[in-house]
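Listed here are the chains, written in short residue letters.
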Amino acid sequence: MKKEMLAMILAGGKGTRLEKLTESVAKPAVPFGGRYRIIDFTLSNCANSSINDVGVVTQYEPRELNFHVGSGVNWGLSGIDSGVTILQPFSSSAGGKWFEGTADAILQNIAFIDHEDPEYLLVLSGDHIYKMNYDHMLETHKENNADLTIAVIEVPLDEASRFGIMNTDENDQIVEFEEKPANPKSNLASMGIYIFNWQSLRKLLVESQEAGVDMSDFGSNVIPRYINDQKNVVAYRFSGYWKDVGTVDSLWQANMDFLSLDNELNIHDRSWRIYTKNTMAPPEFIDETAEINESIVVDGCYVAGKVHRSVLSTDVQVGEGSEIIESVLMPGAKVGKNARLYRTIAGENSVINDGVTIDGSEGIQLVGHGEVIGGE
């Protein structure tokens, strides 16, 4: 039976700008906010938007991501009429190759999309922190009889040169796309969220491949082609919280934003829950020597030191006399006694031994997954 809309989450990026944190794990699988991984937000948006069929396109270091997403049961996406399908590069009679860009990842998965037979294709990134009702975006797409709808968000004009910028007319039709322009004409930044009419996109990708025309990337190739062909490309304006956590600084800042009681993500909003994989961890243990304020401390943590404006993920340990200030400790990180971490991100299962000081005053400091700092 033909589906109205299929979501494809592009989750294969290496995330080199996250440095040590993505040496052995794909960026969308990086932990966030104590209990979550980055991809949880996009998957939860799909679940809350009643999008029941999702393809997750993986490539770089997919093991942890595949294990986390599984069948989609934790997001309510594993029923009779719903499901999550993990899609990885594969070999065929024509040979096999890595995905060469965002649009190429869609092209190489045409057989899967055709099997689902959607009228509309929703293309998403798996590495952004935000809440969005994709149903509302689809309504805008249909109301405008659009060929392509692109979600945009206003950014400060002095930061616009960091983004792909959409220039629109008075009806929010996109008339020009500029990738990281030195002198931006507007402040409408692309969020990397697209709704296409599937058959039209399919035709373009297949014909371009047959003609040897590069159509491998949505930003560099497909969107400019749509605009040049005078297709109806429409901007969908989004005004909530959105953060591309592709850099160390932005990941740290998003975690700090998450600590605010009035943060726009509001994890406690039961009408738009953020789901994640269930973990079997014991309750946290807070020693009588501990001091905790303005922080997130989740299941399985042991804390005997001082924690201020920090995020402590599952199974984190903080020894007596230690201070954790404006820092993010990912699952399984262990901090010994009399250590001090300031503006630091400690990766999964890392070890910071007794007496170590890590000072991020001059820039956020990183401890890699499994890295050991201090000691013999």
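Relevant structure appears above.
Note that residues are indexed from 1 along each chain, following the sequence as it is written. Residues qualify for local features only when their pLDDT is at least 70, as the model is predicted, and side-chain atom pairs are given and counted only at 80 or more; totals for whole chains, interfaces and linings, by contrast, use all residues. Note that the side-chain values use all heavy atoms of the structure and ignore hydrogens as well as water.

A. Structural context of the nonpolar core. We define the nonpolar core as a collection of buried residues of types Ala, Val, Leu, Ile, Met, Phe, Trp, Tyr and Cys that are connected through side-chain atoms lying within 4.5 Å of one another. Summary of the burial criterion: residues with accessible area below 20% of their type's maximum are buried, those above 50% are exposed, and those between are partly exposed, where the area comes from a 1.4 Å probe applied to protein chains only. The biggest cluster of nonpolar side chains holds 85 residues, and the ones touching the most others in it are Met 132, Ile 193, Leu 251, Leu 329 and Ile 345. Leu 329 has contacts with Val 311, Leu 312, Ser 313, Val 316, Val 318, Ile 324, Val 335, Leu 341 and Ala 346, leaving out every residue within four places of it along the chain. Phe 99, Ile 113, Val 123 and Ile 150 belong to the second largest nonpolar core, which has 37 residues in total. Whether two residues are in contact is decided by their heavy atoms, any of which lying within 4.5 Å being enough.

B. Quick peek at the pairing of strand β9 (residues 164–168). For the purposes of this entry, the term helix denotes a DSSP run of H or I that reaches at least four residues, the term strand denotes a run of E that reaches at least two, and both are numbered from the N terminus. With four of five residues buried, β9 is to be regarded as a mostly interior element. As paired strands, β9 and strand β10 (residues 174–179) are joined by five bridges and run antiparallel to one another. In the sheet register, Asn 167 faces β10, and the bridge partner there is Glu 176. In this description, strands pair whenever DSSP reports at least two bridges between them. Between the end of β9 and the start of β10, which pair antiparallel, lie five residues, with Asp 172 showing a positive phi angle near 65°.

C. Looking closely at the packing of aromatic side chains. Centres within 6.5 Å make a pair out of two Phe, Tyr or Trp rings, where for Trp the six-membered ring is used; the pair is then stacked when the planes are under 30 degrees apart, edge-to-face when over 60, and tilted otherwise. If you walk through the whole model with that rule in mind, you get 10 aromatic pairs. Plain terms: the ring middles of Tyr 194 and Phe 196 are 6.1 Å apart, the flat faces sit at 65° to each other, and that makes the pair edge-to-face. Owing to a relative accessible area of 9%, Tyr 194 belongs among the buried residues under this scheme. Counted as over-ring charges are cases with an Arg CZ or a Lys NZ within 6 Å of the ring centre that also lie within 35 degrees of the ring normal. Across the ring face of Phe 67, the terminal group of Lys 277 is positioned such that the distance to the ring centre comes to 4.6 Å.

D. Representation of the sheet that holds strand β24 (residues 340–342) within the structure. Across the sheet, five strands lie side by side as β15-β18-β21-β24-β27; this open sheet has parallel pairing. Strand pairing shows two members of the sheet lacking a second neighbour, β15 (291–293) and β27 (357–359), which therefore form its edges. The average angle at which neighbouring strand axes cross in this sheet is 5°, direction not considered. Relative to strand β21 (residues 323–325), strand β18 (residues 306–308) runs parallel, the two being bridged by three bridges. Paired with Val 307 across the two strands is Ile 324, which belongs to β21. In this description, a line fitted to the C-alpha atoms serves as the axis of each element, helices being fitted only across the stretch in contact, and the angle between N-to-C directions of two axes falls anywhere from 0 to 180 degrees.

E. Local environment of the side chain of Thr 276. Along the chain, Thr 276 turns up in the loop between α8 (248–259) and β14 (285–286). With relative accessibility at 17%, the residue Thr 276 sits in the buried group. Non-local contacts of Thr 276, meaning those with residues more than four positions away in its chain, are made with Arg 35, Tyr 36, Arg 37, Asp 40, His 68, Asn 74 and Trp 75.

F. Main features of the environment of Ser 350. Relative to the helices and strands, Ser 350 resides in the loop between β25 (344–346) and β26 (351–352). The exposure class assigned to Ser 350 is buried, which follows from its relative accessible area of 0%. Sequence-distant contacts of Ser 350, that is, excluding residues within four places in its chain, are made with Gly 332, Ala 333, Lys 334, Val 367, Gly 368, Gly 370 and Glu 371. Polar contacts involving the side chain of Ser 350 include one to the main-chain carbonyl oxygen of Gly 347, which spans 2.7 Å. A 3.5 Å cut-off defines polar contacts: any pair of N or O atoms within that distance qualifies, except that in protein one atom must be a possible hydrogen donor and the other a possible acceptor, and neighbouring residues in sequence count only when both atoms are side-chain atoms.

G. A look at the pattern of salt bridges. Salt bridges are identified by distance alone: a Lys or Arg side-chain nitrogen within 4 Å of an Asp or Glu carboxyl oxygen. Within this structure, the stated rule accounts for 17 salt bridges. Here Arg 35 ties to Asp 299 by a salt bridge, and the two come within 3.4 Å at their closest N and O atoms. Residue Arg 35 is found in the loop between β2 (31–32) and β3 (36–37), and its partner Asp 299 is found in the loop between β16 (296–297) and β17 (302–303); the two are separated by 264 residues along the sequence. Take Arg 35: its relative accessible area is 42%, and that puts it in the partly exposed class. On the accessibility criterion, Asp 299 (25% relative accessible area) is partly exposed. A salt bridge links Glu 159 to Arg 162, with the shortest nitrogen-to-oxygen separation between them at 3.3 Å. Owing to a relative accessible area of 54%, Arg 162 belongs among the exposed residues under this scheme.

H. Spotlight on the environment of Val 307. Assignment of secondary structure puts Val 307 in strand β18. Look at Val 307 and you get buried, because its relative accessible area is 2%. The spatial distance from the C-alpha of Val 307 to the C-alpha of Val 297 is 9.2 Å, given a sequence separation of 10 residues. If sequence neighbours within four positions are ignored, Val 307 has contacts with Glu 291, Ile 292, Asn 293, Ser 295, Leu 312 and Ile 324.

I. Expanded view of the sheet that holds β16. Taken together, the five strands give an open sheet; going across it, the order is β16-β19-β22-β25-β28, and neighbouring strands pair in parallel fashion. The open sheet has two edge strands, β16 and β28 (365–367), and neither has a second partner. Two strands pair when backbone bridges link them, and β16 and strand β19 (residues 311–312) are joined in this way by two bridges, in the parallel orientation. The residue of β19 that forms the bridge with Val 297 is Leu 312.

J. Quick peek at the side chain of Ser 216. Looking at where Ser 216 falls in the secondary structure, it is placed in the loop between α6 (198–211) and α7 (218–228). With residues up to four places along the chain from it excluded, the contact list for Ser 216 reads Glu 100, Gly 101, Thr 102, Ala 103, Asp 104 and Asn 221.

K. Representation of helix α1 (residues 39–48) within the structure. α1 sits mainly inside the fold: nine of its 10 residues count as buried. The complete set of buried residues in α1 reads Ile 39, Asp 40, Phe 41, Thr 42, Leu 43, Ser 44, Asn 45, Cys 46 and Asn 48. Downstream of α1 by one or two residues, Ser 50 has phi in the positive range, about 60°.

By themselves these figures say nothing about function.
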